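The chain contents come next:
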Amino acid sequence: MARDVDIVLFGASGFVGRLVAGHLARSAPAGTRIALAGRSRERLEAVARDLGPVTADWPVVVADASDPASLQSLAESAQVVVSTVGPYLRHGLPLVEACARAGTHYADLTGEVLFVRRSIDTAHALAEASGARIVHSCGFDSVPSDLAVLLAHEWATQTGAGPLASATLELLSARGGFSGGTVDSLRLQLDTARDDPQAQRLLADPYSLSPDPSAEPDLGRQSDVFRPHRRSATGDWVAPFVMASHNTRIVRRSNAVLGHAYGPRLRYAEVVAFRGRTAGLQAAAVTGGLAALTGLLSVRPVRPLVDRVLPSPGSGPSERTRSTGHFRLRLDARTESGRRCEVLLAAQGDPGYAATAVMIGESALALALDGDRLPDRAGVLTPATAIGSPLVDRLRANGFVVDLTA
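**What about the sheet that holds strand S8 (residues 229-230)?**
So, point 1. Ordered by their spatial adjacency, seven strands build an open sheet running S8-S9-S10-S7-S11-S12-S14, and the pairing between neighbours is mixed. What marks the edges here is a single partner per strand, and that holds for S8 and strand S14 (401-405).
So, point 2. Direction of pairing for S8 relative to strand S9 (residues 237-240): antiparallel, over a ladder of two bridges. Paired with Arg230 across the strands is Trp237, a residue of S9.
So, point 3. Most of the contacts of helix H11 (residues 279-298) go to S9, to which it runs at about 5°, and overall it touches S9 and strand S10 (267-274).

Here it is as structure tokens:
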């Protein structure tokens, strides 16, 4: 189908949307047709002006998450729709459905398990029929996790090492900030779970995003929350990773979508790793801070006090914080035959904003421009199952370190 533009960025005037628009302005090949979309024409035009001459020809499109007709028109105008409008659990599903009906590829930044489950239930069959790739979690949630395990699987397949038995992603270091939008998404998911027993069960199920959770293996306890402890094999300390409850489910969905090609009994986990004399204290502090934030946001009467110290929706870390940030992750993967590989992923820039803008921007460009290299697959997918190796290549070309050693 002929489309007016290659990529339309929905939410372009928001905090994260501006960062994604900036990356596209710097990195999209000449001739790529890009449009900016949102509720306010004036704010969109201001974004285009701020980005400089390269965006002078970018059209602006007025669309509202609460107006299904405008979303359908938006979806039908583009090859790819990128959405930075969250919380996705509140605002995201109508646009996903519009793209699935129109055969339009879609990418977002959600870290909300409940939203992705609803997307699967309502849009997967539609997208399969239309040929649309609906790709959730194209930022720090969950591109590094998803691609790291994909690379380990490809190594195991190419070397004859056999199926993966275990894979643990370790956050070795990170520096950055977080936005009001992230807090708002966490708050909404907690509220939904508190009032809905089915949502509580979904959040507790390690296979909640699998095509058929009942068909998954019973591997015993696979909780993303645990007490900080010292690992006897390495001597370091580990604590829960704040994003593990979403990332682990995205990786398990990738495995299931691929027919459990990674390994039919793969155990996947994510942790924060600490080394040195104060490692135990650091692990305890991270665990306590995560528990405190979740607990305080779960208690409505104290929220006004908590909100005074947390960023408000529409705000985010400063330019200095974004530019001086970084992340460094390592995947330790082992096969059923006992062989082992490591995948290192690292990048400069605040992981949740500067680096995330690159990840989702390159995901959109891959969906729009790399059609011949993409997996022949449609439906509600993941970065690994919808894009895969082309995204690895694009991230490396943008300065990301993605290395495998065995």
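**Quick notes on the side chain of Ser70**
So, point 1. Its location among the elements puts Ser70 in helix H3 (residues 68-76).
So, point 2. Ser70 gets classed as buried once you look at its relative accessible area, which sits at 13%.

**Thoughts on H3**
So, point 1. Looking only at H3, the buried set comprises Ser70, Leu71, Gln72, Leu74 and Ala75.
So, point 2. Contacts made by the buried residues of H3 are with strand S1 (5-10), strand S2 (34-38), strand S3 (60-62), strand S4 (78-83) and helix H5 (93-102).

**Considerations on empty space enclosed by the protein**
So, point 1. By the definition in use, this model includes two cavities of 30 Å³ or more.
So, point 2. Tyr207, Glu216, Pro217, Arg252, Asn255, His260, Gly263, Pro264, Arg265, Leu266 and Tyr268 together form the lining of the largest cavity.
So, point 3. Of the residues in the lining of the largest cavity, the class split is five nonpolar, three polar and three charged.
So, point 4. One number sums up the size of the second largest cavity: a volume of about 40 Å³.
So, point 5. Taken together, Val143, Pro144, Leu147, Phe327, Leu345, Ala346, Met359, Leu395, Phe400 and Val401 make up the lining of the second largest cavity.
So, point 6. Elements that contribute at least two residues to the lining of the second largest cavity include exactly helix H7 (143-159) and strand S12 (340-348).
So, point 7. In terms of residues, the lining of the second largest cavity owes the most to one element, H7, which gives three residues.
So, point 8. Residue composition of the lining of the second largest cavity, by class: ten nonpolar, no polar and no charged.

**Description of the pattern of salt bridges**
So, point 1. Summed over the entire model, instances satisfying the criterion amount to 17 salt bridges.
So, point 2. Between Arg18 and Asp50 there is a salt bridge whose closest N-O contact spans 3.5 Å. Of this pair, Arg18 sits in helix H1 (residues 15-27) while Asp50 sits in helix H2 (residues 41-51), and the two are 32 residues apart along the sequence.
So, point 3. Glu170 serves as the salt-bridge partner of Arg275, at 4.0 Å between the closest nitrogen and oxygen. Taken together, the residues span a long stretch of sequence, with Arg275 in the loop between S10 and H11 and Glu170 in strand S7 (residues 164-175) at a distance of 105 residues.
So, point 4. For Glu170, a relative accessible area of 4% translates into the label buried.
So, point 5. The network of salt bridges with common partners includes Glu170, Arg231, Asp236, Arg275 and Arg330.

**Notes on the sheet that holds strand S6 (residues 133-135)**
So, point 1. With respect to topology, seven strands assemble into an open sheet ordered S3-S2-S1-S4-S5-S6-S13, the strand pairing being parallel. Bordering the open sheet on either side are S3 and strand S13 (379-381), each of which pairs with just one other strand. Averaged over all pairs of adjacent strands, the angle between strand axes in this sheet comes to 20°, irrespective of strand direction.
So, point 2. Along the sheet, helix H14 (residues 354-369) contacts S1, S4, strand S5 (105-108) and S6; its crossing angle with S4, the most-contacted strand, is approximately 165°.

**Comments concerning the pairing of S1**
So, point 1. Counting buried positions along S1 yields six of six residues, so the element is predominantly enclosed.
So, point 2. Across four bridges, the pairing between S1 and S2 is parallel. Directly across from Ile7, in S2, lies its bridge partner Ile34.
So, point 3. Considered for its hand, the β-α-β crossover made up of S1, H1 and S2 is right-handed.

**Brief notes about the pairing of S2**
Side chains on a regular strand alternate between the two faces of the sheet.
So, point 1. Of all five residues making up S2, five are buried, and the element is well covered by its neighbours.
So, point 2. Alternating residues of S2 divide into Ile34, Leu36 and Gly38 and Ala35 and Ala37, and every residue in both groups is buried.
So, point 3. Sheet topology note: the S2/S3 ladder contains three bridges and is parallel. Paired with Ala37 across the bridge in S3 is Val61.
So, point 4. Each parallel crossover has a hand, and for S2 linked through H2 to S3 it is right-handed.

Cut-offs applied
- Positions within a chain are numbered from 1, following the residues in the order the chain's sequence is written.
- In keeping with the predicted nature of the model, local features appear solely for residues at pLDDT of at least 70, side-chain atom pairs appear and are counted solely at 80 or more, and the whole-chain, interface and lining totals rest on all residues.
- Heavy atoms throughout the structure, all of them, feed into the side-chain values; hydrogens and water do not.
- Only strands joined by at least two bridges in the DSSP assignment are considered to pair.
- Segments assigned H or I by DSSP are reported as helices when at least four residues long, segments assigned E as strands when at least two residues long, and all are numbered from the N terminus.
- Contact between two residues is taken to exist if any of their heavy atoms lie within 4.5 Å; hydrogens are not considered.
- What counts as an axis is a line fitted to C-alpha atoms, over the stretch in contact for a helix, and the angles between N-to-C directions run from 0 to 180 degrees.
- Exposure categories follow from relative accessible area, calculated using a 1.4 Å probe and restricted to protein chains: below 20% of the type maximum is buried, above 50% is exposed, and the middle band is partly exposed.
- Throughout, the protein atoms alone are placed on a 1 Å grid, and a set of points is a cavity if a 1.4 Å probe fits but cannot get out or a pocket if it is open with protein on both sides within 12 Å along at least five of seven lines; lining residues have an atom within 4 Å of a point.
- Grid points are joined across faces, edges and corners, and a volume is the space filled by probe spheres set on the points.
- Each residue gets one of three labels, nonpolar for Ala, Val, Leu, Ile, Met, Phe, Trp, Tyr, Cys and Pro, charged for Asp, Glu, Lys and Arg, and polar for the others, Gly among them.
- We count a salt bridge whenever a side-chain nitrogen from Lys or Arg sits within 4 Å of a carboxyl oxygen from Asp or Glu.
- A crossover counts as right-handed when, viewed with the strands pointing away from the observer, the path leading from the first strand over the helix to the second turns clockwise.

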